[in-house]
Structure formats: C-alpha cells, structure tokens
Amino acid sequence: MQVGPNRDLVRELSNSIRNRTKIRFGLYHSLFEWFNPLYLHDKENGFHSRLFPTIKTLPELYEIVNEYEPEIIWSDGDNSANDTYWTSQEFLAWLYNDSPVKDTVVTNDRWGYGVACNHGGYYTCADRYNPGKLIPHKWENCMTIDRTSWGYRREATLDSYLRIEDIISSLVSTVSCGGNLLLNIGPTKEGTIAPIFEERLLQIGNWLKINGEAIYESVPWTHQNDTVTKHVWYTSRKQTNGSVDVYAIFFKWPQDSLLVLGSPEPTSHTQVTMLGGDQSLTWVDCEEGGCIIVSLPTVTTPELDLRWAWTLKLTGLDSNRI
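Just so you know, these numbers come straight off a predicted model, no measurement behind them.

**Focus: the nonpolar core**
Within the largest apolar cluster, 31 residues are counted, with the highest numbers of intra-cluster contacts made by I168, V172, W207, I215, I249 and F251. Considering every element that reaches this core, the biggest residue donor is helix α6 (residues 164-176), with six residues. Dropping the residues within four chain positions of it, V172 is found in contact with W207, W233, I249 and F251. Ranked by size, the runner-up nonpolar core spans 25 residues in total, among them L61, Y85, F91 and V115.

**Quick notes on the pairing of strand β12 (residues 292-295)**
Along β12, the buried face is formed by I292 and V294; none of I293 and S295, which line the opposite face, is buried. Judged from the four bridges that link them, strand β8 (residues 258-261) and β12 form a sheet pairing that is antiparallel. What sits directly across from L259, in β12, is V294. Connecting strand β11 (residues 283-285) to the antiparallel partner β12 that follows it, the hairpin turn spans six residues, and G289 within it adopts a positive phi of roughly 80°.

**Things to note about the state of the cysteines**
Scanning all chains against the criterion turns up two disulfides. C117 shares a disulfide with C125; S-S distance 1.9 Å. The disulfide joining C117 to C125 has a torsion of about 75° about its S-S bond and is therefore right-handed. Each sulfur in the disulfide pair C286 and C291 lies 1.8 Å from the other. Handedness here is read from the sign of the S-S torsion; for C286 and C291, about -130°, the answer is left-handed. Its relative accessible area of 6% is what places C286 among the buried residues. Lacking any disulfide linkage, C142 is separated from the closest cysteine sulfur, that of C125, by 9.1 Å. Given a relative accessible area of 0%, C142 falls into the buried group. A disulfide-free cysteine, C177 has its sulfur positioned 13 Å from the sulfur of C125, the nearest such atom. Residue C177 is classed as buried on the basis of its relative accessible area of 0%.

Cut-offs used in this document
Residues numbered from 1 in each chain as written. Predicted model: local features only at pLDDT ≥ 70, side-chain atom pairs only at ≥ 80, totals over all residues. Heavy atoms only, no water. Core = buried A, V, L, I, M, F, W, Y, C linked by side-chain atoms within 4.5 Å. Buried < 20%, exposed > 50% of the residue type's maximum accessible area, 1.4 Å probe, protein only. Helix = DSSP H or I, 4+ residues; strand = E, 2+ residues; numbered from the N terminus. Contact = heavy atoms within 4.5 Å. Pairing = 2+ DSSP bridges. Disulfide = S-S within 2.5 Å.

As far as function goes, none of this settles anything; it's purely spatial.
Structural data, given as structure tokens:
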C-alpha cells in the first residue's frame, strides 16, 4: 500500500473475481527472488542458513492466505533448494489443516527440489509439461502464448507467438489426458493486454462456445487417441442416467468428408452429431471391421467453419467398451 500505485491490487482483483464470476480465486507465489540479499546469502552458504524463507518467504505466504484466502496457491521458484530449506511441509500442514481455506484449497507441486512431479495436489512437473498420455495423478500443462517468455516482450515478432491451431491442439490433448491447461499472457507495464494476446483469447473463447461441451466437466475416455486416424483426441462425460457421451475432436478435415474412427465400439443405438450442428450424421461400419466411417456435413455455417478443430459427439456406444 505504501509503494507503487498505493492500492491493494490483490484485494481489488480478488473482490472483482469473486463478485463478478464463478471463478475460484488463486494466487501465484514465487518462493525465491533472484537478487534478494538474504536469498543470495543463503545460497552462498549452500542453503544451510535459512534467513530468506524465515524473514521473507514464510511470512509472505501466511499473509496472503490469511488476507486474501486464495483457493489455489501456485508455488514456483523452488528448484534451487529442497523443501526443508523452504519449510514447505510445515506450511502445507498448516494450510490444509488450520488455515481459513483448509477445506477448499488446492496446491501444485513446486515446493522444493525433487518435489515436482512427485508430490502435490496436482502436478506441473515442468513448464509446458504435456505427457501425451493418461497418468494416474491430476496434472496441469502451464504454457505461454509467447513461445519463449512469460512476460511481455516489446521486441517480439509475429512468429514469437503460438498460432491458435497450436493452442487449441495443446488444450485438447491436455484435457484428453486428464490435465488442466494454464495459459499465460504477459501484460504490458501499464497493465494492458497486447492485441495479439487479446485475439488469441477471443479465438479460444469462440471455439469453446461451440466445442466447450467436450472440454468443460469432461473426463478422460478409455482411449485418448484414435487407433486408426491420427490427430483425433477423445474426451467423455457421464450423464445422470449412467450413460457416457464420447467426444472425438479432430484437427484435419478429410478431403472426402469421411472420417474413419477405430476406437468407438458402436451399437444399433449409436448416434453421431457434430457440436455446432443440428442433425445426426450418417455412419457405417468399415468393411474390414474394427472401425466406423462417419459422413461429415458440408461446412456451411459460421459455427462449423472455424477451421481449427471440430468435435463429434457419439452416444449409444457399447457400454462394455466404455
């Protein structure tokens, strides 16, 4: 409050998010600071002294939890020293048992050297982590629209930024394999968002307006990739009646408008539709068996003409294979 804008910006952000959205409020926190004299002193001592976490890091963590009650704490900057140096276990024990957010808080895995990808509410492992397969622990792909930076770069060129196709591909593959996507943008020093970031966010939003059913509240299916056609990813959602809807998201429209899928096991009750469309699609079994061929619609509506990725919804599949 006594430096910078002389405003409690974290409080203002917290109030705005909680009063205007359904988003859970969380905070990023870096355990270390590159040039803090106390940190450099501990580093020179091989982290056998603990001045920095005792005087700076831990009081700060307790303060932000008690003051702002974040339901996500995204810890970072831990790799230089182990969790004993950071006193991570003691802080996390308090956080999950006695803090004001003990019943709802979630944390990641960056709490000391060797902790990432081994312990944590969800794994982040490394920046841009995407295993491409289902793993037995909740995980997150934290990535940036800028290919190399987490901040704003005045010297960046158009090639410095991911295409919307790349971002949606990362989103779909991440969710298909049971992960969350954390997508970072770097605001300017004035707090504004550069037009290239704004465009990418709006494009993702437009795609999700049509295909969000396959992303939000979805869970991994039996298969993540199709067994016949490349670049087809699956998600699923269980319905209140116990049935499971399966979603096949594909990135390349076949020239003959016939999409071959090898993973779904159809029944006489199987129906296929495309999100954004309003009609059932025709499908047949492959002559050689082991796959189905779906006749895709002619792309004539704005909803289907996004050209980045499309989603088929399959219902009535063989319940013994779901």
